[in-house]
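# Chains, contacts and geometry: an overview
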Amino acid sequence: TSSRSHMVLSIDVPPHQGPPPPPGATEAVRFGGGGSPPAAGPAAGRLTLVDCAGSEWAADSAAHCRERQREGAEINTSLHALKNCVRAFAERARSGRAARMPFRDALLTRLLADSFGDSC
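From a predicted model like this one, the values you see are computed outputs, not experimental measurements. (Residues numbered from 1 in each chain as written. Predicted model: local features only at pLDDT ≥ 70, side-chain atom pairs only at ≥ 80, totals over all residues. Heavy atoms only, no water.)

Before going further, it helps to spend a moment on a nonpolar patch on the surface. A contiguous nonpolar surface patch, about 480 Å² in accessible area, is contributed by M7, L9, I11, V13, L47 and L49. Residue assignment for the nonpolar patch shows that the elements contributing at least two residues are β1 (7-13) and β2 (45-51). The element contributing the most residues to the nonpolar patch is β1, with four residues. Relative to the elements of secondary structure, L49 occurs in strand β2. Taking the relative accessible area as the measure of exposure, L49 reaches 41% and is therefore partly exposed. (Patch = residues over 30% accessible without salt bridge, like charges linked within 9 Å, V, L, I, M, F, W, Y side chains within 5 Å. Areas by Shrake-Rupley, 256 points an atom, 1.4 Å probe, with all protein chains shown as cover. Salt bridge = Lys/Arg side-chain N within 4 Å of Asp/Glu carboxyl O. Helix = DSSP H or I, 4+ residues; strand = E, 2+ residues; numbered from the N terminus. Buried < 20%, exposed > 50% of the residue type's maximum accessible area, 1.4 Å probe, protein only.)

Next up, the structure:
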């Protein structure tokens, strides 16, 4: 197997819950008098880190086996799909019109769909 791949790390940031309760606090004090914990809401934010594999040149991969050439083609396809999503997002922001977001073109862009403020 090849170590050439993309990596996506998403970290959900919970909403601020306030300072921790004092030691020995009762349930009523701990949860603001209601006696039960607040309902879990959506995350306050998400931090997504993406490490993309570099694009592959056909001339560089010509000496490699068929499997490595296929991996190179898949890397280029996903990078191309990501480029198209970024362009569509920029066009949407610039013009205010809905642009087609090509999330389904690659697994990488499907994973990042909610980062562009859209769902698949």
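Next, the rest of the story.
Scanning the model with the defined rule gives five salt bridges in all. Across the pair R94 and E91 runs a salt bridge, and its minimum N-O distance is 2.2 Å. Residue R94 and its partner E91 are both found in helix α3 (residues 66-95); the two are separated by three residues, about one turn of the helix. The class of R94 is exposed, set by a relative accessible area of 65%. For the salt bridge of R97 with E91, the shortest nitrogen-to-oxygen distance reads 3.9 Å.

With that out of the way, let us pick up the packing of aromatic side chains. Taken as a whole and assessed by the stated rule, the structure comprises two aromatic pairs. Ring geometry for F103 against F116: centres 5.8 Å apart, planes inclined by 45 degrees, an arrangement best described as tilted. Taken together, the positions of F103 in the loop between α3 and α4 (107-111) and F116 in the segment after α4 put the pair 13 residues apart, joining distant regions of the chain. Overall, the relative accessible area of 3% leaves F103 in the buried class. Clustering of aromatic rings is evident, with ring pairs tying together F89, F103 and F116. (Phe/Tyr/Trp six-rings, centres within 6.5 Å; stacked < 30°, edge-to-face > 60°.)

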